[in-house]
Amino acid sequence: MSLIPTLAETLARARADLRMGLPVVIDGHLAAAVETLSPERLADLAGLGAPVLALTDRRAGTLKARAYDGDLARIALPGDAGLSWLRALADPAGDLMTPLKGPLTSLRDGPADAHRTALALAKSAQLLPAMLLVAGPVPPGLTVLRSGPALTQLLAAPHLAPVARARVPLLPAERTRLHVFRPDDGAEEHYAVEIGDPPRDAPVLARLHSACFTGDVLGSLKCDCGPQLQAALGAMGQAGAGVLLYLNQEGRGIGLANKMRAYALQDQGFDTVEANHRLGFEDDERDFRIGAALLARMGFARVRLMTNNPRKVAMLTAQGLEVTERVPLIMPPNRHNAAYLDVKAQKSGHLL
């Protein structure tokens, strides 16, 4: 029946629940995000059984906790663990002030499927990947998931449907149309800026640009995003044709709030990659399959890709698009982003 929510729609509900502090149910476990958990709900969860804290292997490594499950660690909660203790394990903001948080006991027996799905769901909700799980009686009214299908859906590329398009004259190119695409998983919409009338039977000058509120809107000097955006639009305007995909994957896919947490860690002396790892994320959580799907949806099969990131080239190629040329997009550094650009080159493989 079409009125029953699909799995993608159920996951969208689950993301909203976690962001509001409500637990969801995964394989009979109640799973709540530590970041949004209230003291009252923590007490109620603890009353149902033995809570277990799920952390990614990246965060577990920072805390010197054993990740027996490979990509994650399941931490048994001590009897006196409260919300402040949980949040100290989830958020690295105070690690340098209170580095010793253990000893932490990692579980090694039993399945970790529900915990793995819970962490993937937290990431998709752009929350800190720290989830509290309790196996116990399930109260009515909560969103219910099965780990296998849910994790498969979370890792799948969303289907993108065109929503609207209109002429939007820009300073670099007056003949410009903005296309809006909406994913079927309830996530944020993505945009395509089409300059001129690029032919579909020739390689199109294209850029996959990830949203950067601080750089694109505020003109932040901590990154090169804003200048890259303007340079790409300028090059396309000068060429008379091009497509810039503006993908809502802020902070390399971790969201603006977590990006600000990473910035705060950088102020403590950690570089971009180290900050992401301490938060529990990978170096780069973006999904460039979205960009490939948008280009294909618009009728482009070959691109001249404006990027310094070989990973974007590899991802588009893997999705069946032909990258006929990589067009460098190198911006001069300033005193605020020189170290950031060095890390992009040395640790992330950017060709700068």
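The rules behind each value
- Residues numbered from 1 in each chain as written.
- Predicted model: local features only at pLDDT ≥ 70, side-chain atom pairs only at ≥ 80, totals over all residues.
- Heavy atoms only, no water.
- UniProt positions renumbered as here; feature names shortened; annotations may be inferred.
- 1 Å grid on protein atoms, 1.4 Å probe; cavity = no way out; pocket = protein on both sides within 12 Å on 5 of 7 lines; lining within 4 Å.
- Helix = DSSP H or I, 4+ residues; strand = E, 2+ residues; numbered from the N terminus.
- Contact = heavy atoms within 4.5 Å.
- Axes fitted to C-alpha atoms, helices over the stretch in contact; angles between N-to-C directions.
- Parallel < 35°, antiparallel > 145°, perpendicular 65-115°, else oblique.
- Nonpolar A, V, L, I, M, F, W, Y, C, P; charged D, E, K, R; others polar.
- Phe/Tyr/Trp six-rings, centres within 6.5 Å; stacked < 30°, edge-to-face > 60°.
- Buried < 20%, exposed > 50% of the residue type's maximum accessible area, 1.4 Å probe, protein only.
- Lys NZ or Arg CZ within 6 Å of the ring centre and 35° of its normal.
- Pairing = 2+ DSSP bridges.
- Domains from an automatic or database assignment.
- Buried area = accessible area lost by both parts, 1.4 Å probe.
- Salt bridge = Lys/Arg side-chain N within 4 Å of Asp/Glu carboxyl O.
- Polar contact = N/O pair within 3.5 Å; in protein donor to acceptor, adjacent residues only side chain to side chain.

Q: Talk me through the UniProt feature "binding site: GTP" (unreviewed entry) in the protein; I want residue IDs and the actual numbers.
A: Mapped onto the present numbering, the UniProt feature "binding site: GTP" (unreviewed entry) falls on Arg207, Leu208, His209, Ser210, Ala211, Gln228, Glu250, Gly251, Arg252, Thr272, Thr307 and Lys312. Across 106 residues, the annotated set is spatially dispersed, with a maximum C-alpha separation of 22.6 Å. The subset of these annotated residues that lines the second largest pocket comprises Arg207, Leu208, His209, Ser210, Ala211, Gln228, Glu250, Gly251, Arg252, Thr272, Thr307 and Lys312. By the secondary structure assignment, Ala211 is in the loop between β10 (204-210) and α7 (213-217). For Ala211, the contacting residues outside a window of four places in its chain are Asp216, Tyr246, Leu247, Asn248, Gln249, Glu250 and Gly251.

Q: Would you mind going over the packing of helix α1 (residues 7-19) against helix α5 (residues 113-124) in detail, with residue names and values included?
A: Put simply, α1 and α5 touch, their axes get as near as 9 Å, and they point 80° apart. When the interaxial angle is binned, α1 and α5 end up roughly perpendicular. Two secondary-structure elements touch here, α1 through Leu11, Ala14, Arg15 and Leu18 and α5 through Leu121, Ala122 and Ser124. Considering only residue class, the contact of α1 with α5 consists of 5 nonpolar, 1 polar and 1 charged.

Q: Pulling in residues and values, what's your account of the packing of aromatic side chains?
A: Within the structure shown, the criterion is met by 1 aromatic pair. Both rings, one in Tyr191 and one in Tyr246, keep their centres 6.4 Å apart while their planes meet at 15°; by these two values the pair is stacked. Taken as a pair, Tyr191 in strand β9 (residues 190-196) and Tyr246 in strand β11 (residues 241-247) lie far apart in primary sequence, 55 residues in all. On the basis of relative accessible area, Tyr191 is assigned to the partly exposed category, the value being 27%. Classification of Tyr246 as buried rests on a relative accessible area of 17%. The side chain of Lys222 reaches across the aromatic face of Tyr263, ending 4.6 Å from its centre.

Q: Explain the packing of α1 against helix α6 (residues 147-155) to me, and be specific about the residues and the numbers.
A: Two numbers describe how α1 lies on α6: the axes approach to 10 Å, and their chain directions differ by 90°. One element, α1, and the other, α6, form an angle in the roughly perpendicular class. Residue-level contacts link Leu7, Ala8, Leu11 and Arg15 of α1 to Pro149, Ala150, Gln153 and Leu154 of α6. A breakdown of the residues in the contact of α1 with α6 according to their chemical character gives 6 nonpolar, 1 polar and 1 charged.

Q: I'd love a proper account of the pairing of strand β2 (residues 29-33), names of residues and values included.
A: Across the 5 residues that make up β2, a large majority, 4, are buried. Strand direction decides the pairing type here: strand β1 (residues 24-26) and β2, joined by 3 bridges, are antiparallel. Counted as the bridge partner of Val24 is Ala31 from β2. With antiparallel pairing between neighbouring strands as the criterion, β1 and β2 make up a hairpin whose turn holds 2 residues, including Asp27 at a positive phi of roughly 50°. Both β2 and strand β5 (residues 130-135) contribute to a ladder of 5 bridges, which runs antiparallel. Residue Ala33 lies in a different strand from β5, and its bridge partner there is Met131.

Q: Can you lay out the domain arrangement of the protein for me, pointing to particular residues and giving the numbers?
A: Here the protein is partitioned into domain 1 (7-154) and domain 2 (160-249 + 286-348). Between the C-alpha centres of domain 1 and domain 2 the distance comes to 34 Å. Taking both partners together, domain 1 and domain 2 bury about 270 Å²; carbon and sulfur atoms supply 37% of that area. By the criterion of area lost to domain 2, the three top residues of domain 1 are Ala8, Arg15 and Gln126, representing 76% of everything that side buries. Inspection of the domain 1/domain 2 interface yields 0 salt bridges. At the junction of domain 1 and domain 2, the tally comes to 1 residue pair in polar contact (both at pLDDT 80 or more). A class-by-class count of the residues in the side of domain 1 that touches domain 2 yields 2 nonpolar, 1 polar and 1 charged.

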